[in-house]
Amino acid sequence: MLSRRLFSLANLRGTIPSDFHFVPDFFSVSEQRTLLSAALERLDAAGSRRFQKRRKNSRSKLNTAAAIYEAPLSELFLPDDCYEFLQGHYDGVIHNYREMHLTSWPTAEFPGLVPALSRLQSVLPSSNIQTHLLHLASDGEILPHVDNVSASGRWILGVSLGSDRILRLESCANPDEVAEILLPSGSIYIQSDTVRYQYKHSILRNSAFANGAGQRMSIMIRDVLEHHSHTNHS
Ligand SMILES: O=C(O)CCC(=O)C(=O)O
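Residues numbered from 1 in each chain as written. Predicted model: local features only at pLDDT ≥ 70, side-chain atom pairs only at ≥ 80, totals over all residues. Heavy atoms only, no water.

### Some words on the layout of surface pockets
In this structure, the second largest pocket occupies an estimated 490 Å³ of space. Contributing to the lining of the second largest pocket are 23 residues, with Ile-94, Glu-99, His-145, Asp-147 and Arg-222 lying nearest its centre. Listing elements by their share of the lining of the second largest pocket, those giving two or more residues are strand E3 (94-102), strand E4 (129-145), strand E9 (199-203) and strand E10 (216-223). (1 Å grid on protein atoms, 1.4 Å probe; cavity = no way out; pocket = protein on both sides within 12 Å on 5 of 7 lines; lining within 4 Å. Points joined across faces, edges and corners; volume = space filled by probe spheres on them. Helix = DSSP H or I, 4+ residues; strand = E, 2+ residues; numbered from the N terminus.)

### A look at the pattern of salt bridges
Inspection of every chain in the model, using the stated rule, returns 10 salt bridges. Where Asp-44 meets Arg-55, a salt bridge forms, and the shortest distance between an N and an O atom there is 3.4 Å. Of the two residues, Asp-44 sits in helix H2 (residues 29-46) while Arg-55 sits in helix H3 (residues 49-58), which places them 11 residues apart along the sequence. The pair formed by Asp-44 and Arg-55 is uniform in burial state, with each residue classed as buried. Of the charged contacts, one joins Arg-222 and Asp-147 as a salt bridge, the two residues approaching to 2.8 Å between their closest N and O atoms. Placement of Arg-222 in strand E10 and of Asp-147 in the loop between E4 and strand E5 (155-162) is noted, with a sequence separation of 75 residues between them. Sharing partners across several salt bridges, the network here consists of Asp-44, Arg-55, Arg-59 and Arg-98. (Salt bridge = Lys/Arg side-chain N within 4 Å of Asp/Glu carboxyl O. Buried < 20%, exposed > 50% of the residue type's maximum accessible area, 1.4 Å probe, protein only.)

### Section: the nonpolar core
Side chains of a nonpolar character, in soluble globular proteins, are inclined to be buried together. By size, the foremost hydrophobic cluster in this structure holds 37 residues, and its most contacted members are Trp-105, Leu-120, Leu-133, Leu-157 and Met-217. Listing elements by their share of this core, those giving two or more residues are H2, E3, helix H5 (113-121), E4, E5, strand E8 (188-192) and E10. For this core, the element with the highest residue contribution is H2, accounting for six residues. (Core = buried A, V, L, I, M, F, W, Y, C linked by side-chain atoms within 4.5 Å.)

### Some points on the site of the ligand
Contacts to the ligand come from Leu-134, Ile-142, His-145, Asp-147, Tyr-189, His-201, Ile-203, Arg-216, Ser-218, Met-220 and Arg-222. The contact in question runs from an oxygen atom of the ligand to an N or O atom on the side chain of His-201, over 2.9 Å. Here Arg-222 contributes a side-chain N or O atom positioned 2.8 Å from an oxygen atom of the ligand. Of all the cavities here, the one that holds the ligand is the second largest pocket. Of all the secondary structure elements, the ones that give two or more residues to the shell around the ligand are E4, E9 and E10. Looking at the shell around the ligand element by element, the count peaks at four residues for E10. Class assignment of the residues belonging to the shell around the ligand gives a composition of five nonpolar, three polar and three charged. (Near = heavy atom within 4 Å. Polar contact = N/O pair within 3.5 Å; in protein donor to acceptor, adjacent residues only side chain to side chain. Sits in = over half its atoms within 2 Å of the grid points. Nonpolar A, V, L, I, M, F, W, Y, C, P; charged D, E, K, R; others polar.)

In short, shape yes, function no, at least from these values alone.
Below is the structure:
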């Protein structure tokens, strides 16, 4: 299980609930580039032809290898108008985003991917998992919610890549009990048990801090729901 080290650096407000685990610097910059490039590749391939063409026109002259190994991480994202971000319904939880359920990673195209993913695998609380990619536009946000208890199990791991964002945790029983955590690129967090079921989480819209102005990719990993855990928590 992950340590709770460096909490004081990341905790912007409030007390971090137990069952929240955080490592601010889990992935190196080169691992972050590889993961972000692979995630963008998967989402881009699933997008519409019209936007694929837009991206092709906008893409810099850098070839893929140069983009992965040399460009600053933020430059792996194209401008916001190159992506078909969904506004989300007015009553929806996520605004200005695209997402997909990931069935396989493009390991053949990205040589550094397997070692980065196996490091991640080594900290997962259990191994029967589902993976989601969630790409937030520069003005994207996620409103407070508890993940659907019938769609996944007792823990949620988030990898943050790209622009910094603040994660807010709010106790369902006591809305005054709030904690805010800065999620830098390369960080990972796990919400398990009490925090997964009894706290709402949200990703705040961009604010004024220096690294917070751009797009963010999260790789969300959840355990597949086992039938007995459903009876315990529903
Ligand atoms: O992007 C994140 O870190 C959180 C995503 C989220 O709230 C969710 O997928 O339910």
